[in-house]
Amino acid sequence: MENVLIIGTGPAGLTAALYAARANLSPLVIEGLTPGGQLTTTTEVENYPGFEKGIDGTELVMIMRRQVERFGTRFVAGDVVSVDFKGVVPSVTLSDGQKLESRTVIVATGASALYLGIASEQKLRGRGVSACATCDGAFFRNQHVAVVGGGDTAMEEALFLTRMCKKVTVVHRRDKLRASKIMADRATANPKIDFVWDSVVDEVLDVAKNTVTGLRLKNIKTGALTEMAVTGLFLGIGHKPNTEAFKGQLDMDENGYLLAENTRTNVKGVFAAGDVQDHEYRQAVTAAGTGCMAALEAERYLESLGQ
Ligand code: NDP
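Residues numbered from 1 in each chain as written. Predicted model: local features only at pLDDT ≥ 70, side-chain atom pairs only at ≥ 80, totals over all residues. Heavy atoms only, no water.

1. Quick notes on the nonpolar core
A general feature of soluble globular proteins is that nonpolar side chains tend to end up buried together. Test applied: As used in this record, nonpolar core signifies buried Ala, Val, Leu, Ile, Met, Phe, Trp, Tyr and Cys residues forming a set joined through side-chain atoms within 4.5 Å. In this scheme, a residue with accessible area under 20% of its type's maximum is buried, one over 50% is exposed, and one in between is partly exposed, where area comes from a 1.4 Å probe on protein chains only. What counts as a helix is a DSSP run of H or I of at least four residues, what counts as a strand is a run of E of at least two, and both are numbered from the N terminus. Any two residues whose heavy atoms approach within 4.5 Å at even a single point are treated as in contact.
V4, I6, Y48, L60 and I106 are the most contacted members of the largest nonpolar core, which totals 29 residues. Of all the secondary-structure elements, those providing two or more residues to this core are β1 (2-7), α1 (11-22), α2 (57-70) and α7 (284-305). It is α7 that provides the largest number of residues to this core, a total of seven residues. V4 has contacts with A20, L25, P27, L28, S102, T104, I106 and L302, leaving out every residue within four places of it along the chain. Within the second largest apolar cluster, 22 residues are counted, among which are A158, F160, V168 and F195.

Put into structure tokens, the structure is as follows:
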């Protein structure tokens, strides 16, 4: 039986581990299919305090990981397929069948990139369609690519892609960006970026080549269809929380985000930290902050059990 079981290895999970480990609770962290979480798919992180010149996202989580290992955090690789939070002691089952029981569980499973959901996009995933410019941008050197979305993610993807691509066209369904002013200003000032407003992707074109050759765009105000030749399509339209395994076990909002008050879920001993319970701020630093809160709450709960 564990004292503290943490699901997730992004800034929320690792900060929870740091606090739990330093409280001598010897936490066990479940490391899923994307170790390090979303920070490993971002480029330069300029807004995490303490790194005045910015830091690479993957490097930042590697530092966090080494820091928690120093205090005795243990890791187990595995994907959580189901949980039972209704019994006396919470338990978690991994894809290899392993069942872990723990007096407290901290859910820090984060969120994943959304896709448009059209058939041609799904067919061409990994063949020109991507939701991660940092991972796949290098395949599009000197090419013309498109980014869908008008938020900070889309601007970040577009700006990153200008480093290697000839041209980046942002396709947005409205005529106003949702992105923060600083990101919007940077993107609009970049000579390699242009915008197609009021438009959505109607179809990803592959002309039977099984690789992206263009997009059919639909102007949602006029209904007009146009074609644009691009070799890559990057999605920047937001995220969905990774809460599939917790359905029916933990209270969620209508979009699947866990409901938590000061990280406490509706189940005693089960806490939620990071993007899995936050659709509003979604920052590495806020994730780390709630990871700290969850560990402190778990510590208090264990004390109340007399552990
Ligand atoms: P957002 O929800 O902010 O933006 C999503 C964008 O995609 C919107 O412009 C939305 O359009 C558009 N969109 C959504 N669904 C569709 C669809 N089906 N078809 C076409 N367009 C669609 O998500 P982000 O991931 O950009 O950002 C989330 C949070 O994370 C924000 O708080 C952001 O500030 C933060 N963030 C911060 C970063 C940084 O500071 N460096 C980097 C990345 C994210 P519409 O505007 O019409 O709704």
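What follows continues from the structure just given.
2. Considering the sheet that holds strand β15 (residues 214-219)
Short version of the rule: Should DSSP find at least two bridges between two strands, the strands are taken to pair. To obtain each axis, a line is fitted to C-alpha atoms, and for helices this fit is confined to the stretch in contact; angles are then taken between N-to-C directions over 0 to 180 degrees.
Read across the sheet, three strands follow the order β14-β15-β16 without closing on themselves; strand pairing throughout is antiparallel. Every other strand in the sheet has two partners, leaving β14 (199-205) and β16 (225-228) as the edge strands with one partner each. Each neighbouring strand pair of the sheet contributes to a mean axis angle of 30°, computed without reference to strand direction. As judged from the six bridges shared by β14 and β15, these two strands associate in the antiparallel manner. Across the sheet, residue V204 finds its bridge partner in β15, namely L215.

3. Considering the pattern of salt bridges
Applied cut-off: We define a salt bridge as a side-chain nitrogen of Lys or Arg found within 4 Å of a carboxyl oxygen belonging to Asp or Glu.
Considering all chains together, one arrives at 15 salt bridges under this definition. One salt bridge connects R264 with E297, and the closest N-O pair in it is separated by 3.1 Å. Residue R264 is located in the loop between β18 (239-241) and β19 (270-272), and its partner E297 is located in helix α7; the two are separated by 33 residues in the primary sequence. Among the residues examined, R264 registers a relative accessible area of 35% and is labelled partly exposed. According to the relative accessible area criterion, E297 is buried, its value standing at 12%. In this structure, R282 and D275 form a salt bridge, with 3.7 Å as the shortest nitrogen-oxygen distance. The class of D275 is buried, set by a relative accessible area of 10%. What you see here is one network of salt bridges that share partners, running through E31, R65 and E69.

4. Some remarks on α2
The line we're drawing: Helices are assigned an expected span. That span is 1.5 Å times one less than the residue count. Starting at the helix axis, one direction is taken to each C-beta atom, and the arc is that of these directions. Polar contacts here mean pairs of N or O atoms no more than 3.5 Å apart (in protein, one a potential hydrogen donor and the other a potential acceptor; neighbouring residues in sequence count only if both atoms are side-chain atoms).
Taking 1.5 Å of rise per residue, the 14 residues of α2 would be expected to cover 20 Å, and the 20 Å separating its terminal C-alpha atoms lies within 8% of that figure. Within α2, burial applies to G57, L60, V61, M64, R65 and V68. Looking straight down α2, one finds its buried side chains confined to an arc of 135°; they lie on one side. Turned more than 90 degrees off the buried face of α2, the exposed positions are R66 and R70. Elements in contact with the buried residues of α2: α1, β2 (28-31), β3 (44-45), β4 (55-56) and β5 (74-77). Its side-chain oxygen at 3.2 Å from the backbone nitrogen of T58, D56 defines the N-terminal cap of α2.

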